[in-house]
Amino acid sequence: MNADNGSLISVIIPVYNVEKYLRQCLDSVVNQTFHKIEIICVNDGSTDNSLEILKEYARCDKRIKIVDLEKGGVSVARNAGLELASGEYIGFIDSDDWIDPDTYERVLYEFKKDKEIDLVCFGAEIVSDDLPGDHPRVTGEKKYHAMKFSGKQKMTDDVIFDTTVTVWNKLFRASVLKKLNLRFPDGYILEDNYFFYCYAVNIQYGYYLDKYFYKYRQRANSIMGCRDKVAAPRLSVFSMIVSYYEEHGLAGTHIGLLGRKFCQMYNGDRKNSTHENLKKIRRISAEIEKILFRYDPVNLLKMKIKRMIPVPIKNFIRKHIFG
């Protein structure tokens, strides 16, 4: 397999207080079998030894560029990296994770093999330091990150819906990002949702590489482990996605995708929310529904009625009518 050594991949790594894991992450990138990599490490106001570790690695490898910021969050850090990136392709890695040595060689090969490809996705292996392998959060992540496609895929609504939104198990074409002027939303968690859904709907083809190159560290104290904390922010970000689609004339064409995603988010997050968060969810959902209703009133009305039916009645109908 010959990757194109004339191409440059920019790898963006936001760093915040990860001195325990950072060396493993950096070692996995600097030792890639594909060498023409620009490694942009954005220190997001770390108060531990992370910045010193970055400087140590930068002295030994000229491919490493360090951006030192005050604490601004992962979106600010990634956006700062995007501003500096000069590669033809853009990748992201979280600084407590790592990748296999041949990741970028294999991924770039798929790009070079077919000029229609604007996105390559690959699998993520879930690694946990402080949770047992059968913990619901670990098993849930494994199910979510399992590869659902293989090979070249037209980016239909169904394919986009069933693709993980995380940006770190993908490689993006820089020219598309530049054309879209796409950035991560500042001040939000779950920022990957916005970035992926705005990118994916603007391309024709992606390639799904059924290899689990990315090692995703699942930690017990991760905010993603508490669904109540992320329920309202998830819908807030989805509201931004809906607005983006509407502003760019995409909502009508992709109303099926938006409707399915909204229903999935609302039903899943409502079940795991406190009373206070449930009020926020209902308020944000009402705003989203106003927009979606304009494009598909019949199906949106059906979904709304369906949500109003109590769960015990739904279960009774499933058991005794549909058997």
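Use the structure listed above.
Reference entry: report on the structure contained in this document. (Residues numbered from 1 in each chain as written. Predicted model: local features only at pLDDT ≥ 70, side-chain atom pairs only at ≥ 80, totals over all residues. Heavy atoms only, no water.)

## Concerning the state of the cysteines
Our working rule: Here, the term disulfide refers to a pair of cysteine sulfur atoms separated by no more than 2.5 Å.
Taken as a whole, this structure holds 0 disulfides when the rule is applied. Looking at C25, it has no disulfide partner, and the nearest cysteine sulfur is the one in C41, 7.4 Å off.

## Topic: the packing of helix α1 (residues 22-30) against helix α2 (residues 50-60)
A pair of packed helices can be characterised by two numbers: the angle between their axes and the separation between those axes. Just so we agree on the cut-off: Only the stretch in contact is used when fitting a helix axis, every axis being a line fitted to C-alpha atoms; angles between N-to-C directions are given from 0 to 180 degrees. Numbering of helices and strands starts at the N terminus; helices are DSSP runs of H or I of at least 4 residues and strands are runs of E of at least 2. Reported orientations rely on four angle classes, namely roughly parallel under 35 degrees, roughly antiparallel over 145, roughly perpendicular from 65 to 115, and oblique for the rest. Each helix crossing is assigned a hand: it is left-handed if the near helix lies turned anticlockwise from the far helix by less than a right angle, otherwise right-handed if that turn is clockwise. Residue contacts are defined here by distance: any two heavy atoms, one from each residue, within 4.5 Å place the two residues in contact. Classification used: nonpolar for Ala, Val, Leu, Ile, Met, Phe, Trp, Tyr, Cys and Pro, charged for Asp, Glu, Lys and Arg, polar for all others including Gly.
Relative to each other, α1 and α2 sit at 25°, their axes nearing to 10 Å. Here α1 is positioned roughly parallel relative to α2, judged by the angle of their axes. In the packing of α1 onto α2, the handedness of the crossing is right-handed. Counted together, L22, R23, L26 and D27 of α1 and S50, I53, L54, E56 and Y57 of α2 form the full contact between these two elements. Considering only residue class, the contact of α1 with α2 consists of 5 nonpolar, 1 polar and 3 charged.

## A few points about the pairing of strand β8 (residues 170-173)
The cut-off we apply is this: Under the scheme applied here, a residue whose accessible area is under 20% of the maximum for its type counts as buried, over 50% as exposed, and between as partly exposed, the area being computed with a 1.4 Å probe on protein chains only. The pairing criterion is simple: DSSP has to find at least two bridges between the two strands.
Covered by surrounding structure in β8 are K170 and F172 together with L171 and R173, the residues of both alternating faces. Note that strand β4 (residues 89-92) and β8 share 3 bridges and pair antiparallel. Counted as the bridge partner of I90 is F172 from β8. Looking at chain direction, strand β6 (residues 117-128) and β8 are connected through 3 bridges and run antiparallel.

## A word on the packing of aromatic side chains
The cut-off we apply is this: Geometry of aromatic contacts follows a simple scheme: Phe, Tyr and Trp rings, the Trp one being its six-membered ring, pair when their centres are within 6.5 Å, and the pair is stacked under 30 degrees between planes, edge-to-face over 60, tilted otherwise. For a lysine, the NZ atom is tested; for an arginine, the CZ atom; a charge sits over a ring if that atom is within 6 Å of the ring centre and within 35 degrees of the ring normal.
Taken as a whole and assessed by the stated rule, the structure comprises 15 aromatic pairs. Taking 5.4 Å as the distance between ring centres and 90° as the angle between the ring planes, the aromatic pair formed by F92 and F184 counts as edge-to-face. With F92 in strand β4 and F184 in the loop between α7 (174-180) and α8 (191-200), this pair connects stretches of sequence that are 92 residues apart. A connected cluster of aromatic rings, assembled from ring pairs, spans F92, F172, F184, F195 and Y199. A cation sits over an aromatic face here: K152 above Y205, 4.5 Å from the ring centre. Taking NZ or CZ as reference, K261 lies 5.5 Å from the ring centre of F161, over its face.

## Some words on the packing of helix α3 (residues 74-84) against α8
As a packed pair, α3 and α8 sit with axes 10 Å apart at the nearest point and diverge in direction by 40°. Here α8 runs oblique to α3, going by the angle between their axes. The residues of α8 that touch α3, namely those facing V74, S75, R78 and L82, are E191, D192 and F195. Classifying every residue of the contact of α3 with α8 gives 3 nonpolar, 1 polar and 3 charged.

## Thoughts on the side chain of R217
This is how it is decided: Under this definition, polar contacts are N or O atom pairs within 3.5 Å; protein pairs additionally need one hydrogen-donor-capable and one acceptor-capable atom, and for neighbouring residues in sequence, both atoms have to be side-chain atoms.
Mapping R217 onto the fold places it in strand β9 (residues 205-218). Classification of R217 by relative accessible area gives buried; the value is 6%. Within the structure, R217 has its side chain in polar contact with the backbone oxygen of D96 (distance 2.7 Å). Not counting residues up to four positions away in its chain, the partners in contact with R217 are Y21, Q24, D96, D97, W98, V127 and D129.

## Overview of α2
Because an α-helix completes one turn every 3.6 residues, residues spaced three or four positions apart along the sequence face the same direction. Heads up, the rule is: This arc corresponds to the set of directions leading from the helix axis out to the C-beta atoms.
Along α2, the positions that sit buried rather than exposed are S50, L51, I53, L54 and Y57. Across the axial projection of α2, the buried residues extend over an arc of 160°, all falling on one side. When the buried face of α2 is taken as reference, the exposed residues oriented beyond 90 degrees from it are R59 and C60. Summarising the contacts, the buried residues of α2 are in contact with β1 (9-15), α1, β2 (37-44) and β3 (64-69).

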